[in-house]
Amino acid sequence: MTVSDFFVMVLFVLVAGLAATAVRFVNRKKALRRDAGLRERGTVKIPCRVSWPEGIKKRGFTYGKIIAGAGGEVTFSGRGGRSAVLPASEWIHRESSWRTGLLVLRCSVPGKGELRILISEADAPTVEKLLSKQK
């Protein structure tokens, strides 16, 4: 390995680290704005991907938004008109994702299988509160 190869490798690692930090910073900033909107107006729309074959009648993940209304009901509105009311969860587990700044929330839905939500790390606490406070 030459000095120039080593320099290129170090430079690549630095750029990748800066990119990951920038993604997390932007996601955190957006999540803080959404959380403030939820506290002020009682409504919020959080972008995510949901996998819930029993609820949205589709296998795999569907892009959409989790919408919390002023009435306290939490729904998922997906592309192509796939919508479903998200019921309260018995338990919620966090799993890491291979995507920078994202994680998977696995939720138990009584009588309707398992709900998986791919969401930003910064939005996860808000969604966890929404899905657990419906009880």
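From a predicted model like this one, the values you see are computed outputs, not experimental measurements.

Novice: Give a detailed account of the sheet that holds strand β6 (residues 102-108), specifying residues and quantitative values.
Specialist: Pairing in this open sheet of seven strands is antiparallel, and the strands run β4-β3-β2-β1-β7-β6-β5 from one edge to the other. The open sheet has two edge strands, β4 (83-85) and β5 (92-96), and neither has a second partner. Taking the axes of each pair of neighbouring strands and ignoring which way they run, one obtains an average angle of 30° across the sheet. Sheet topology note: the strand β1 (residues 44-51)/strand β7 (residues 114-120) ladder contains three bridges and is antiparallel. Paired with Val50 across the strands is Ile117, a residue of β7. Packed on one face of the sheet, helix α1 (residues 3-41) meets β1, β2 (62-68) and β7 and runs near 120° to β1.

Novice: How would you summarise the state of the cysteines if you had to cite specific residues and measurements?
Specialist: Inspection of the entire model under this criterion finds zero disulfides. Counting only cysteine sulfurs, Cys107 is the nearest neighbor of Cys48, a cysteine outside any disulfide, at a range of 11 Å. Residue Cys48 is classed as buried on the basis of its relative accessible area, which comes to 7%. Given a relative accessible area of 0%, Cys107 falls into the buried group.

What counts and how
- Positions within a chain are numbered from 1, following the residues in the order the chain's sequence is written.
- Owing to the predicted nature of the model, reporting of local features is limited to residues with pLDDT of at least 70; listing and counting of side-chain atom pairs is limited to 80 or more, with chain, interface and lining totals taken over all residues.
- Side-chain metrics in this entry use all non-hydrogen atoms of the structure; hydrogen atoms and water are not considered.
- For two strands to pair, DSSP has to find at least two bridges joining them.
- Runs of H or I in DSSP of at least four residues are treated as helices and runs of E of at least two as strands, each being numbered from the N terminus.
- Angular values range over 0 to 180 degrees, each being the angle between N-to-C directions of two axes fitted as lines to C-alpha atoms, with helices fitted over their stretch in contact.
- Contact definition: two residues touch when any of their heavy atoms are within 4.5 Å.
- In plain terms, two cysteine sulfur atoms within 2.5 Å form what is called a disulfide here.
- Exposure categories follow from relative accessible area, calculated using a 1.4 Å probe and restricted to protein chains: below 20% of the type maximum is buried, above 50% is exposed, and the middle band is partly exposed.

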